[in-house]
Amino acid sequence: MALNILVVDDSKVVRSVIKKTLDIAGVDVGNIFEAGDGKEALEILDKEWIDLVFADINMPVMTGLEMVDRMKEDGILQTIPVVIVSTEGSETRIEELKAKGVRAYIRKPFTPETIKKVVDEIMEGK
Amino acid sequence: MDRKELKNTIRDVFYDIIEKSAFMFGEEVEKDEVDVNYDKFARADMGFVGDAKGEISIMVPEAMCPEIAANFLGVDPEDEKVDEYSEDALKEILNVTCGHVLTAIKGERAVFDLTVPNIKRGIKLKEWEKLFRSEDSIVCMVDDYPVLIKFSIKNED
């Protein structure tokens, strides 16, 4: 099944690298949507069918954590798997993210293999 | 961790990040070995708060930014879209370096909130030389480009 994926990061270069990595990893992608912060992401999630979200934590306007909190308040959005892609390596922060319902955490810099493994695990468990 | 160890840790982390992210390679260099033949530089800055607070900056010749971006994107440095991504690429290198430096020096239980990086271009050689002479700056050499990093940290009580 081709996945509609939303990539949320304030860095254009990171969004581009994630898109390229998904391609290299051989993930079956339908449409890819991009957002520069959590608020833009929520607007896209409101309009489009999204199967999987990759999101950074530290972004202007609305952080990835705030975005996840907002998604949890919505009956439909809370079912969409969110993968956090961030530079942070704090185990405490990762535990906090998991408690919020985040499905996986990928630390930058990442490899295509890591992306593929995470996508496969999420889709198999869905 | 004393000052020398801290500088070595930051340099090692930076070399690892720029190699993995942009396929560019760092080499050991002493300050007196660095010859700078550039007149314009770019500097990215960001801060962090949490179990400690501080700032990190990176200054590079402007000519290096398109190369970082091209390597991130896997395209030729002459590609028309590279310029659009140049600032973001330097900011991202700083962002990832900051996260990994904090883990390296404060451990995996420490929690930080990182600010969004800012960038300034068109910096003159005089400002580069001022940072270069500072005892706080860390000099690196990446693919023959000189790079300066400045890091400050203060523990929260």
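For the structure given in this document, a descriptive report is provided here. Here the structure is a predicted model, which means the values were calculated and not measured.

Rules used in this analysis
- Residues numbered from 1 in each chain as written.
- Chains lettered and ligands numbered in written order.
- Predicted model: local features only at pLDDT ≥ 70, side-chain atom pairs only at ≥ 80, totals over all residues.
- Helix = DSSP H or I, 4+ residues; strand = E, 2+ residues; numbered from the N terminus.
- Buried ≥ 20, exposed ≤ 12 C-beta atoms within 10 Å, placed from the backbone.
- Contact = placed C-beta atoms within 7 Å.
- Nonpolar A, V, L, I, M, F, W, Y, C, P; charged D, E, K, R; others polar.
- Core = buried A, V, L, I, M, F, W, Y, C linked by C-beta atoms within 7 Å.

### Focus on the overall build of chain A
- Check the secondary structure of chain A and you find five helices and five strands.
- Along its sequence from the N terminus, chain A presents helices and strands in the succession β-α-β-α-β-α-β-α-β-α.
- Over its C-alpha atoms, taken along the principal directions, chain A stretches across nearly 35 × 30 × 30 Å.
- Residues counted as buried form 42% of the 126 residues belonging to chain A.
- Long-range contacts, defined here as pairs at least 24 residues apart, represent 63% of the contacts in chain A between residues at least 6 apart.

### Quick word on the interface of chain B and chain A
- Contacts between the two partners involve 25 residues from chain B and, on the opposite side, 20 residues from chain A.
- Of all elements in the fold, only helix H1 (3-22), helix H2 (64-73), helix H3 (82-106) and strand E4 (112-114) of chain B reach the threshold of two or more residues within the side of chain B that touches chain A.
- Ranked by the residues each element gives to the side of chain B that touches chain A, the list is headed by H3(B), at 11 residues.
- In the side of chain B that touches chain A, the residues fall into 13 nonpolar, six polar and six charged.

### A closer look at the nonpolar core
- Counting 75 residues, the largest nonpolar core has Ile68(B), Ala69(B), Leu90(B) and Ile93(B) as its most contacted members.
- Considering every element that reaches this core, the biggest residue donor is H3(B), with 10 residues.

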